[in-house]
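Topology and contacts: notes
As a plain string of letters, each chain reads:
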Amino acid sequence: MRRHLLASTTALVVIMITGNAWAGMDEAKQFLDQEIGDVSTLSRADQEKEMQWFVDAAKPFQGMEIKVVSESLTTHAYESKTLAPWFTKITGIKVVHDVIQEGDVVEKIQTQMQTGQNLYDGWVNDSDLIGTHWRYKQVRNLTDWMAGEGKDVTNPMLDLKDFIGTSFTTAPDGKLYQLPDQQFANLYWFRYDWFNDPKNKADFKAKYGYDLGVPVNWSAYEDIAQFFTGREEDGKKVYGHMDYGKKDPSLGWRFTDAWLSMAGNGDKGLPNGKPVDEWGIRVDDHDRPTGSCVARGGDTNGPAAVYSIRKYLEWLKAYAPPEAAGMTFSESGPVPSQGNIAQQIFWYTAFTADMAKPGLPVVNEDGTPKWRVAPSPHGSYWQKGMKLGYQDVGSWTLLKSTPTDRAKAAWLYAQFVTSKTVDVKKSQIGLTFIRDSTIHDKSFTERAPKLGGLIEFYRSPARVQWTPTGTNVPDYPKLAQLWWQNIGDAASGAKTPQEAMDALCAAQESVMARLEKAGVQGDIGPKLNEEHDLAYWNNYAKEHGTLAPQLKLANEKEKPETIGYDELVKSWNE
């Protein structure tokens with residue numbers, strides 16, 4: 001036994017010595033030669049300058065092994081399989097980068113927050129948890145970290161102003177709590193070739209009295225869905241809409257990912273409505289959640305929210321393939337690539353790379369797509385100044401329960417995989433943009449024609465209306481799971497849309513009441529309002545210059561409006 005221990009100890013010493021021996025600029029230059037090349041916004045000299053900083057900053061941590069985790073996306077697979085081994089070679093810090101399902105990431109970070117047991121040294125978790133992290137005070141706020149305890153391991157070339165998502169990871173106290181690593185939006189997806197077909201255009205104009213084009217509002221989307229459903233395109237019967245409806249956790253994302261805001265739920269304001277956000281949760285002047293139901297000034301069960309659920313169900317039943325109602329998010333994702341879907345109102349750009357593969361029915365022989373993405377249409381309750389869709393922002397998060405030296409080593413890795421040296425190459429692989437400089441890199445100007453409008457969208461002023469869940473949500477893990485359960489009841493027919501949203505807002509308030517009673521979030525935790533009727537809260541909003549909750553519209557079918565895609569892109573460029 002002792003002999004075995006001695007052998008193991010000797011092996012460990014050899015590993016550590018070897019780690020020190022091969023960590024340095026020779027390895028960094030190999031990385032730049034073999035992996036990065038000129039696919040970077042930095043010159044070779046600046047790449048080497050940035051790598052030299054990592055080499056020097058990592059010296060106190062050489063030989064250390066750290067564990068980090070993220071959800072299973074192409075971007076994170078690249079980090080785990082390619083960037084982590086290179087970081088280890090360059091710095092001598094061994095990184096084990098686990099890639100697991102999103103739900104598992106949330107579950108594990110909850111466990112570490114509740115137990116204090118250090119499961120991972122660094123986390124890429126959704127910025128949707130910003131309200132949770134700010135209120136529970138269990139993560140290191142990066143503003144203070146970079147200026148204080150983590151100053152010696154903060155890259156002077158990090159350039160926070162270059163990140164496009166830091167407004168989503170900044171709390172009401174003005175502090176940055178998470179560093180974006182990848183982000184993607186849900187947009188409107190459509191068959192550009194079918195929309196430009198002369199017969200389709202003529203037939204649509206004859207039937208509806210306006211031009212076939214990118215729908216600006218839900219009324220036009222509905223007309224287009226009706227027009228294409230049952231029509232024959234490319235020799236097959238097609239559908240005018242695609243979605244999914246199985247009672248499954250992924251059904252919750254379908255709605256918390258800003259579906260209600262697209263309908264016009266909540267208040268004006270970017271990145272999220274204030275005082276009522278797109279979940280229908282109201283906060284007071286101190287950012288304390290005060291209610292979710294209309295009776296407490298919220299909007300989760302208000303007319304706009306109920307309208308959004310009703311439209312979702314109507315379109316799923318009338319215009320999507322029959323099997324869509326029994327599908328989950330992951331099962332429905334590949335369906336549009338099979339060539340029988342005309343449009344999808346809610347399509348994640350994380351699917352872009354898979355949708356652009358040569359040989360697919362939706363890709364031309366020259367490699368250009370037959371489809372495009374564009375801004376999502378809005379519902380009849382939506383007003384200018386409101387958010388219009390969702391953007392997922394997976395962000396580096398350091399928990400206070402992680403020992404400082406391990407947090408420092410993880411912070412070095414987080415900055416490495418988001419650095420200007422690396423970011424263009426990583427974005428070319430995952431297409432999940434976090435830096436403005438990357439979006440405008442010449443390599444994406446060249447690649448744009450094969451990405452169906454993704455680059456044009458990210459370079460456009462419209463991008464700012466696509467934002468993650470905001471800080472009104474006091475406990476994202478607890479509240480998010482309520483959505484799929486209650487909306488699933490509406491999807492199955494067990495409840496009406498109104499009944500489902502009434503149950504959802506009541507369940508959210510039950511969680512908030514428990515948080516208020518426990519006092520675990522201190523003076524920024526929930527403090528529920530007294531109950532009044534819709535008319536009272538609508539008048540209250542008008543008196544205070546806000547919007548939510550709105551009264552039910554007499555006519556929820558507004559005048560349909562479309563715009564030509566090429567005209568839309570041209571307006572952005574101008």
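Overview of the structure.

Conventions adopted
- Residues numbered from 1 in each chain as written.
- Predicted model: local features only at pLDDT ≥ 70, side-chain atom pairs only at ≥ 80, totals over all residues.
- Heavy atoms only, no water.
- Buried < 20%, exposed > 50% of the residue type's maximum accessible area, 1.4 Å probe, protein only.
- Helix = DSSP H or I, 4+ residues; strand = E, 2+ residues; numbered from the N terminus.
- Pairing = 2+ DSSP bridges.
- Right-handed = clockwise from strand over helix to strand, strands pointing away.
- Axes fitted to C-alpha atoms, helices over the stretch in contact; angles between N-to-C directions.
- Parallel < 35°, antiparallel > 145°, perpendicular 65-115°, else oblique.
- Left-handed = near helix turned anticlockwise from the far one by under 90°.
- Contact = heavy atoms within 4.5 Å.
- Disulfide = S-S within 2.5 Å.
- Nonpolar A, V, L, I, M, F, W, Y, C, P; charged D, E, K, R; others polar.
- Phe/Tyr/Trp six-rings, centres within 6.5 Å; stacked < 30°, edge-to-face > 60°.
- Lys NZ or Arg CZ within 6 Å of the ring centre and 35° of its normal.

1. So, the pairing of strand β1 (residues 65-71)
- Counting buried positions over the 7 residues of β1 gives 5, a clear majority of the element.
- Bridge count for β1 against strand β2 (residues 94-100) is 7 bridges, and the pairing is parallel. Residue pairing in the sheet places isoleucine 66 in a bridge with valine 95 of β2.
- As for the winding sense of the linkage, the β-α-β connection from β1 through helix α4 (residues 74-91) to β2 is right-handed.
- One ladder, built from 2 bridges, connects β1 with strand β3 (residues 122-126); its direction is parallel.

2. Here's the deal with the packing of helix α2 (residues 25-36) against α4
- It is the contact of α2 with α4, at a shortest axis distance of 8 Å, that shows an interaxial angle of 150°. As summarised for this structure, α2 and α4 are arranged roughly antiparallel, according to the angle between their axes. Handedness of the crossing formed by α2 with α4: right-handed. Along the contact surface, α2 presents Glu27, Ala28, Gln30, Phe31, Gln34 and Glu35, while α4 presents Tyr78, Thr82, Leu83, Trp86, Lys89 and Ile90.

3. Some details on the state of the cysteines
- Enumeration according to the criterion identifies 1 disulfide in this entry.
- Disulfide pairing is shown between cysteine 293 and cysteine 505; the S-S distance is 2.0 Å. With the S-S dihedral at roughly 95°, the linkage between cysteine 293 and cysteine 505 falls on the right-handed side. Here cysteine 505 lies in helix α22 (residues 497-518) and cysteine 293 lies in the loop between β9 (289-291) and α13 (303-319), a separation of 212 residues in the sequence.
- Owing to a relative accessible area of 1%, cysteine 505 belongs among the buried residues under this scheme.

4. Some remarks on the packing of α13 against helix α21 (residues 476-492)
- At a minimum axis separation of 10 Å, α13 and α21 run at an interaxial angle of 45°. Considering the angle they form, α13 stands oblique to α21. Crossing of α13 against α21: the hand is right-handed. When α13 is examined against α21, the residues Ile309, Tyr312 and Leu313 are found in contact with a partner set consisting of Ile487, Ala490 and Ala491.
- The residue makeup of the contact of α13 with α21, split by class, is 6 nonpolar, no polar and no charged.

5. Some remarks on helix α10 (residues 218-228)
- In terms of burial, α10 is a largely internal element, 10 of the 11 residues being buried.
- Of all the positions in α10, only Trp218, Ser219, Ala220, Tyr221, Glu222, Asp223, Ile224, Ala225, Phe227 and Phe228 are classed as buried.
- In the segment just after α10, glycine 230 is the residue with positive phi, at about 90°.

6. Focus on the packing of aromatic side chains
- In this structure the tally under the stated criterion is 48 aromatic pairs.
- Ring geometry for phenylalanine 204 and tyrosine 210: centres 5.2 Å apart, planes at 90°, overall edge-to-face.
- Its relative accessible area of 13% is what places tyrosine 210 among the buried residues.
- The cationic tip of arginine 254 hangs over the ring face of phenylalanine 255; the distance from NZ or CZ to the ring centre is 5.2 Å.
- One residue, arginine 372, lies across the ring of tyrosine 192, its end atom 4.0 Å from the ring centre.

7. Comments concerning unusual backbone geometry
- That bond from leucine 270 to proline 271 is cis: its omega, 10°, falls within 30 degrees of zero.
- Locating proline 271 in the fold gives a position in the loop between α12 (259-263) and β8 (282-283).
- Each neighbour pair has its own omega, and for alanine 548 with proline 549 the value is 0°, a cis peptide bond.
- Residue placement: proline 549 occurs in the loop between α23 (534-543) and β13 (562-563).
- Positive phi, normally seen in glycine, also occurs at alanine 258, with a value near 75°.
- Structurally, alanine 258 can be placed in the loop between α11 (249-256) and α12.
- The class of alanine 258 is buried, set by a relative accessible area of 1%.
- The backbone of leucine 431 shows a phi angle near 55°, a positive value even though the residue is not glycine.

8. Let's talk about the environment of alanine 342
- Tracing the backbone through its elements, the reader meets alanine 342 in the loop between α14 (329-332) and β10 (343-348).
- Sequence spacing of alanine 342 and threonine 88 is 254 residues, and the spatial spacing of their C-alpha atoms is 46 Å.
- Setting aside anything within four residues of it in sequence, one finds alanine 342 in contact with Trp189, Phe190, Arg191, Trp194, Phe195, Phe228, Tyr239 and Gly240.

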